[in-house]
Amino acid sequence: MPLELNLNLASFTEKHRAVPLQPNTIYDVLILGGGPAALAAAVYCMRKGVKTGLISKDIGGQVIETAGIENYIGYKYIEGRELVDKFRDQVKQFEIGYSEGLKATSITSDNIKKVYLEDGNFYQVKALVIATGKSSRKLNVPGEKKLTGKGVAYCAICDAPLFAGKRVAVVGGGNSGIEAAIDLAKVAEYVTLIQFRDKLTGDKVLIDRLDIFNNVTILLEHEVLEINGTEKVESIVVKDRKSDEKKQIDAQGVFIEIGLIPNTDFVKGIVELNQYGEIKVDCACRTNVPGIFAAGDVTSVPFKQIVIAAGEGAKAALSACDYVLKV
Amino acid sequence: MPLFDEKKKKELGDILKELENDVTIVYFTQEFECNTCKDTKSLLKEIAGLSDKINLDIYDFQKDSEKTKEYGIDKIPAIAILDSKNFDPGIRFYGIPAGYEINSFIKNLLEVSGKREALPENIKKRIDSIKKDIHIQVFVTLVCPYCPSAVMTAHRLALESDKIKADMVESSTFTHLALKYSVTGVPKIIINEKHDLVGAQPIDKFLDVIEKI
Ligand SMILES: Cc1cc2nc3c(=O)[nH]c(=O)nc-3n(C[C@H](O)[C@H](O)[C@H](O)COP(=O)(O)OP(=O)(O)OC[C@H]3O[C@@H](n4cnc5c(N)ncnc54)[C@H](O)[C@@H]3O)c2cc1C
């Protein structure tokens, strides 16, 4: 196998001017999140010249987990990581207030709004752009939480090599589940793909690619009841939804790929959400609270794509700048 | 066959022009080279060839037992990075720094050479008040895009404090260690054998754990 070197050139050559967030400053706009929506919003705010800060748990959001992207306009093909590096460099060329690594845990909706972070600090701002995107949905079965990081995994591209020669299960028969099964089938001894519905719902090209492997079993109309193990995952229990028959499957790893949920816990009760927990916004990215805007996958806007999130982020930023100028 | 084509060479060479002072890469392999030892050696040779400021010392894990002991090396391939005064800040790479880890490695060369951004005052203070010996191991895979950030943070801590040593450990090369520390998700950070963190944690999360030890 040739040696792969994923050198991220830009991280060395670009000059970064971002500065730490200031607790005693009242910002014009604070942007929450670090995915395409938030980063696009940051670029727009900085170019408008308003005092801006960005607060995010990580930079890149879901795009980091995407191996190859073929539908972000301007690139016929680009790796997720590479696109994120470009986004980051474009943001950090500005003297933007910047906090990476901590989550926002709550916000207030007064004229001067506060954003509280995990470490207990808070920052003050006139207008907020919420772009906290989506995270992996949990199965919510016994054993899942206890064994997360101990065999229960949510990032197949990162962790597949650790399961070389082992038995693993993938839960979820959509695109991400099938992609995970393919990545794992290349190295693992055996892969069991568990799908709730009566057929795989992923794209045909992916299903065909999965078909080539003879170490993969697909269980349709099955659900996971529990994940067993003391220190590490040892097995899972599944139920056949037609016959109600239960069985135990040996597995040292369980990859959960059953879709995404919006990261809106910290704004519940402040801004209005829809039935899926997404923030309701109008066509100018306004929420029901004056001065709070939202963009990207976290919102009720249909279709969750990078180019859409970036566009919405730009729109939310411009709305927020407008608002700041008027108050 | 060279690992870097002319374009990559030029790019890397330009990055390495930023080295402020000399650095020395100390590499441990052995006569009967381990699986990835040969590739590691070629990689390091090519990198060292790109800058006058990089020296490369290669030792045999078995034969040069004194050096092995001096640097506390217990497995190969192993790499340490020394500064211009040949001081060893306690940075180790166990396993080839290829894939995404090339980024940690290049960054560490720059940092050890003196080219690094200042840490916030409060973080610096917290690091300076560490009194106990701390050993951080960051388990990675080469295909994990989140991992370099954890490695760079651990190595930066080592660079800032005489009390801290930090290793990158490539999980597929050292499967027995991955097994021992129950590594089933990367990056996984083990501090002083017993304490662990999962995921690319920021520097203050490292310090939170270290301060409790
Ligand atoms: C495997 C996979 C493949 C995909 N492939 C494609 C593709 O090929 N093309 C395409 O167009 N789209 C693709 N998508 C969808 C695309 O990635 C998303 O639509 C897009 O990333 C949404 O961007 P976002 O900025 O709204 O949110 P996200 O990307 O979800 O980013 C959210 C950000 O908010 C941060 N955050 C969350 N909570 C908090 C908090 N409380 N405080 C602070 N920060 C917080 C997170 O750390 C993250 O940085 C894919 C998604 C996945 C999962």
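Cut-offs used in this document
Residues numbered from 1 in each chain as written. Chains lettered and ligands numbered in written order. Predicted model: local features only at pLDDT ≥ 70, side-chain atom pairs only at ≥ 80, totals over all residues. Heavy atoms only, no water. Disulfide = S-S within 2.5 Å. Buried < 20%, exposed > 50% of the residue type's maximum accessible area, 1.4 Å probe, protein only. Phe/Tyr/Trp six-rings, centres within 6.5 Å; stacked < 30°, edge-to-face > 60°. Helix = DSSP H or I, 4+ residues; strand = E, 2+ residues; numbered from the N terminus. Contact = heavy atoms within 4.5 Å. Buried area = accessible area lost by both parts, 1.4 Å probe. Salt bridge = Lys/Arg side-chain N within 4 Å of Asp/Glu carboxyl O. Polar contact = N/O pair within 3.5 Å; in protein donor to acceptor, adjacent residues only side chain to side chain.

Peer 1: What is the right way to read the state of the cysteines from this model?
Peer 2: In protein structure, a disulfide is the covalent linkage between the sulfur atoms of two cysteines. Residues and elements named next belong to chain B. Throughout the structure, instances matching the rule amount to 2 disulfides over all chains. Between the sulfur atoms of C34 and its disulfide mate C37 the distance is 1.8 Å. The sign of the S-S torsion, about 90°, decides the handedness of the disulfide formed by C34 and C37: right-handed. Using a relative accessible area of 0% as the deciding quantity, one classes C37 as buried.

Peer 1: Is there a simple way to explain the packing of aromatic side chains in this structure?
Peer 2: Each pair of aromatic rings is reported with the distance of its centres and the angle of its planes. In this structure the tally under the stated criterion is 9 aromatic pairs over all chains. Ring geometry for Y72 of chain A against F87 of chain A: centres 5.8 Å apart, planes inclined by 75°, an arrangement best described as edge-to-face. Of this pair, Y72 of chain A sits in the loop between strand 4 (68-69) and strand 5 (78-79) while F87 of chain A is found in helix 3 (residues 80-92), placing the two residues 15 residues apart along the sequence. The residues Y72 of chain A and F87 of chain A share a single accessibility class, namely buried. Summarising the aromatic geometry, the rings of F139 of chain B and Y181 of chain B are spaced 5.6 Å apart at their centres and angled 45° between planes, so their arrangement reads as tilted. Of this pair, F139 of chain B sits in strand 5 (residues 134-140) while Y181 of chain B is found in the loop between helix 7 (175-180) and strand 7 (188-191), placing the two residues 42 residues apart along the sequence.

Peer 1: Whenever I open this one, the interface of chain B and chain A confuses me. Can you help?
Peer 2: Across the contact, 35 residues belong to chain B and 29 residues belong to chain A. Summed over both partners, the interface of chain B with chain A comes to about 2800 Å²; 66% of that surface belongs to carbon and sulfur atoms. Three residues, P145, Y146 and T184 of chain B, lead the burial of chain B against chain A; their summed loss comes to 22% of the area buried on that side. Applying the counting criterion to the chain B and chain A interface returns 1 salt bridge. K205 of chain B is the partner of E118 of chain A in a salt bridge, and the nearest nitrogen-oxygen pair spans 3.9 Å. Between chain B and chain A we count 10 residue pairs in polar contact (both at pLDDT 80 or more) in total. The set of elements that each furnish at least two residues to the side of chain B that touches chain A consists of helix 1 (6-16), helix 2 (37-48), helix 4 (101-112) and helix 8 (203-212) of chain B. In terms of residue count, the dominant contributor to the side of chain B that touches chain A is helix 4 of chain B (5 residues).

Honestly, that's just the spatial picture; any functional story needs more than this.
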